[in-house]
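# Structure at a glance
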Amino acid sequence: MSKLSSLAKDTAIYGLSSIIGRFLNYLLVPLYTTQIPAATGGYGVITNVYAYTALVMVLLTFGMETTYFRFANKQHEDPQRVYSTTLIAVGCVALVFVALVVLLLGPLSQQMGYADHPQYVWVMALTVAIDAFLCIPFAYLRQQKKALKFATLKLLNILLTILLNIIYFAWMGGKDVGYAFYINLACTVMLALSMVKELTGFRYVLDRPLLRRMLSYSWPILVLGIAGILNQTADKMIFPYIYKEADMQTQLGIYGACVKIAMIMAMITQAFRYAYEPIVFAGVKDKDQKDMYAKAMKYFIIFTLLAFLMVMAYLDLLKHLIGNDYWEGLRVVPIVMAAEIMMGIYFNLSFWYKVIDRTIWGAVFSGIGCAVLLLINFIFVPRYGYMACAWGGFAGYGVAMITSYVVGQKYYPIRYPLQSIAYYVLLAAVSYISMDYVHDRYNQWISLAFNTLVVLFFLSIIVHNELPLSKLPVIGKYFRNH
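Everything quoted here is computed from the prediction, not taken from an experiment. (Residues numbered from 1 in each chain as written. Predicted model: local features only at pLDDT ≥ 70, side-chain atom pairs only at ≥ 80, totals over all residues. Heavy atoms only, no water.)

### A look at the pattern of salt bridges
Scanning the model with the defined rule gives 6 salt bridges in all. We note a salt bridge from Arg 81 to Asp 207, for which the minimum N-O separation is 2.8 Å. One end of the pair, Arg 81, is in helix 5 (residues 79-103); the other, Asp 207, is in the loop between helix 10 (196-199) and helix 11 (208-242), and 126 residues separate them in sequence. The closest approach of N and O atoms between Lys 319 and Asp 316, which form a salt bridge, is 4.0 Å. What makes Lys 319 buried here is its relative accessible area of 15%. Assessed through its relative accessible area of 14%, Asp 316 is described here as buried. (Salt bridge = Lys/Arg side-chain N within 4 Å of Asp/Glu carboxyl O. Helix = DSSP H or I, 4+ residues; strand = E, 2+ residues; numbered from the N terminus. Buried < 20%, exposed > 50% of the residue type's maximum accessible area, 1.4 Å probe, protein only.)

So this is what it looks like as structure tokens:
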């Protein structure tokens, strides 16, 4: 239970910073979607470019973030030597990437559809290269359990980004989407300068034998990461190539804006991951580890289902986070959120092959899921547009989740509380259907009132089953005596 308590505490810190950070980032969505009308396709450009940067980030870190945790916690390994070797490896790859982009800027910009704006490409390439390098000192902070510093730096970077965007787009009335990328680069440089302490004060050593062993562990994670990020971004990258209508950038912008509302699931999963990875690898030999996995999975699913219901309950209010000419895409929100829940479950399932050093399985599962996503996109996007993107992600994550569970039970069996999990999934599904039924037949205020009652009912079931009041301090004494 001490590990679950530690997990809960660190998740609270990471989660609070992540949720606050993502919420603050949401301020950019209404800013962009009100200052950049949907018809111009400007927000579609931002959606497309950031999709590419997400993929490049995975390539430039090539699984070394997780690999660092694994090797820093191994017996007979010097954690400082592991850290130094990881920094050098990731830094060199980032430098080579920037050099290649500069050399091939012309043809690369043309291929991506930005021949008239090559600055979009080189600015974001430099930004993502610095971000990839900074992933390692941030991993070091997590490994050292310095959650507060981690969260503070992340939040300050986001606040600076928002402030500069507000100054340009709102105060100065700017319309050039390129400034969104310039601002990102400036803030990333400032973040790098704030991490001097984590990057100095020790001797940089490249341990080649150690690096070879780390790369042997990390390359399947790289394949896993590529497939995983493609599950999240491939639709936004390939949409301009397979959706041939004249309003392609407009439709992509609408989809990208509405997906932002659903990204609360990504926040929760990310916060859970930040706290979960160091604990998992530090206690890999503990006897109660499997029991901890099972309990963590159950509580993760319960919490994400509650988050799903809360977002859907108040979607009529949350939709004001984006400009009203983007609202036609709100129908993708429940689909994308459900897909993100499955992605989170898949992430939790993924630890079985990481702790037994069989990371190749992760590449297999994510590859299958990515293939399903791409197939659905190529077949259905030309006819159904961005709705096919949403369903493609849902199917891709679902397949990856199921295959990981089935194979994992053979190689590293864990007794997950499936009956309890199924109960909460069914309860959440019935709750959502009832809210959707009322929403379609009554006015907004009646719908919001009903939705609030449904969410409170779901929450009361969680408290009754998972947090009995008799076990709480102070008020627990009252319930035990009555």
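### What about the nonpolar core?
Counting residues in hydrophobic clusters, the biggest one holds 119 residues, and the most contacted among them are Val 333 and Phe 458. Examining the composition of this core, we find that 13 residues originate from one element, helix 14 (residues 289-313), more than from any other. What Val 333 contacts, discounting residues up to four positions off in sequence, is Cys 258, Ile 261, Ala 262, Val 311, Met 312 and Leu 315. Phe 69, Val 90, Ala 139 and Leu 199 belong to the second-largest nonpolar core, a separate cluster that totals 20 residues. (Core = buried A, V, L, I, M, F, W, Y, C linked by side-chain atoms within 4.5 Å. Contact = heavy atoms within 4.5 Å.)

### Re empty space enclosed by the protein
Here the structure, examined in full by the defined rule, presents 2 cavities of 30 Å³ or more. Each pocket or cavity is described by its volume, and for the second largest cavity that value is around 40 Å³. Considering the residues around the second largest cavity, the lining is formed by Leu 349, Trp 352, Ser 404, Tyr 405, Gly 408, Gln 409, Tyr 412, Ile 414 and Tyr 416. Counting residues per element, the lining of the second largest cavity draws most heavily on helix 19 (residues 386-411), at 4 residues. (1 Å grid on protein atoms, 1.4 Å probe; cavity = no way out; pocket = protein on both sides within 12 Å on 5 of 7 lines; lining within 4 Å. Points joined across faces, edges and corners; volume = space filled by probe spheres on them.)

### With respect to the packing of helix 20 (residues 418-439) against helix 21 (residues 444-466)
In the contact formed by helix 20 and helix 21, the axes pass within 9 Å of each other and the chain directions differ by 170 degrees. In this view, helix 20 runs roughly antiparallel relative to helix 21, as classed from their interaxial angle. Packed against helix 20, whose contacting residues are Ser 420, Tyr 423, Tyr 424, Leu 427, Ala 428, Ser 431, Ser 434, Met 435, Val 438 and His 439, the element helix 21 presents Ser 447, Phe 450, Asn 451, Val 454, Phe 457, Phe 458, Ile 461, Ile 462, Asn 465 and Glu 466 at the interface. (Axes fitted to C-alpha atoms, helices over the stretch in contact; angles between N-to-C directions. Parallel < 35°, antiparallel > 145°, perpendicular 65-115°, else oblique.)

### Re the side chain of Asp 316
Within the secondary structure layout, Asp 316 lies in helix 15 (residues 315-318). At 3.1 Å, the side chain of Asp 316 forms a polar contact with the side chain of His 439. Apart from residues no more than four positions distant in its own chain, Asp 316 is found in contact with His 439 and Gln 444. (Polar contact = N/O pair within 3.5 Å; in protein donor to acceptor, adjacent residues only side chain to side chain.)

### Describing the environment of Val 425
One can find Val 425 in helix 20. Val 425 sits in the partly exposed class, given a relative accessible area of 40%. Residues Val 425 and Ile 301, spaced 124 residues apart in sequence, show a C-alpha to C-alpha distance of 8.3 Å.

### Remarks on helix 8 (residues 147-171)
For helix 8, built from 25 residues, the straight-helix expectation of 36 Å at 1.5 Å per residue is met to within 8% by its first-to-last C-alpha distance of 35 Å. Turning to helix 8, its buried residues are Ala 147, Phe 150, Ala 151, Leu 153, Leu 155, Asn 157, Ile 158, Thr 161, Ile 162, Asn 165, Tyr 168 and Phe 169. (Expected span 1.5 Å × (residues − 1).)

### Observations concerning the packing of aromatic side chains
Within this structure, the stated rule accounts for 25 aromatic pairs. With a centroid separation of 6.0 Å and 80 degrees between ring planes, the pair formed by Phe 71 and Tyr 217 is classed as edge-to-face. Highlighted residues: Phe 71 in helix 4 (residues 64-72) and Tyr 217 in helix 11, separated in sequence by 146 residues. Seen from their ring centres, Tyr 353 and Phe 365 are 6.2 Å apart, and the 55 degrees between their planes marks the pair as tilted. (Phe/Tyr/Trp six-rings, centres within 6.5 Å; stacked < 30°, edge-to-face > 60°.)

### Considering the packing of helix 3 (residues 42-61) against helix 9 (residues 178-193)
Interhelical geometry of helix 3 versus helix 9 gives an angle of 40 degrees and a closest axis separation of 10 Å. Judged by the angle between their axes, helix 3 and helix 9 are oblique. Counted together, Ile 46, Val 49 and Tyr 50 of helix 3 and Ala 180, Phe 181 and Asn 184 of helix 9 form the full contact between these two elements.

### Quick word on a nonpolar patch on the surface
A contiguous nonpolar surface patch, about 470 Å² in accessible area, is contributed by Val 96, Leu 100, Leu 103, Leu 104 and Leu 108. Looking at the nonpolar patch, the element that brings in the most residues is helix 5, giving 3 residues. With respect to the helices, strands and loops of the structure, Leu 108 is situated in helix 6 (residues 105-112). (Patch = residues over 30% accessible without salt bridge, like charges linked within 9 Å, V, L, I, M, F, W, Y side chains within 5 Å. Areas by Shrake-Rupley, 256 points an atom, 1.4 Å probe, with all protein chains shown as cover.)

### Observations concerning the confidence of the model for the protein
Averaged over all residues, the pLDDT of the protein is 83; the fraction at 70 or higher stands at 85%. For the stretch residues 472-479, pLDDT sits under 50, and the model shows 8 contacts to residues farther than four places along the chain or on other chains. (pLDDT = per-residue confidence, 0-100.)

### Structural notes on the layout of surface pockets
Considered as a void within the structure, the second largest pocket measures approximately 630 Å³ in volume. Lining the second largest pocket are 24 residues, and of these Leu 305, Ile 341, Met 342, Ile 345 and Val 425 lie nearest its centre. Broken down by secondary-structure element, the contributors of at least two residues to the lining of the second largest pocket are helix 14, helix 16 (333-349), helix 19 and helix 20. Looking at the lining of the second largest pocket residue by residue, the class counts come to 24 nonpolar, no polar and no charged. (Nonpolar A, V, L, I, M, F, W, Y, C, P; charged D, E, K, R; others polar.)

### Here we look at unusual backbone geometry
Excluding glycine, residues mostly have negative phi values, and the peptide bonds linking residues are mostly trans. Even without glycine at this site, Phe 62 takes up a positive phi of about 35 degrees. In this structure Phe 62 comes out as buried when scored by relative accessible area, which is 10%.

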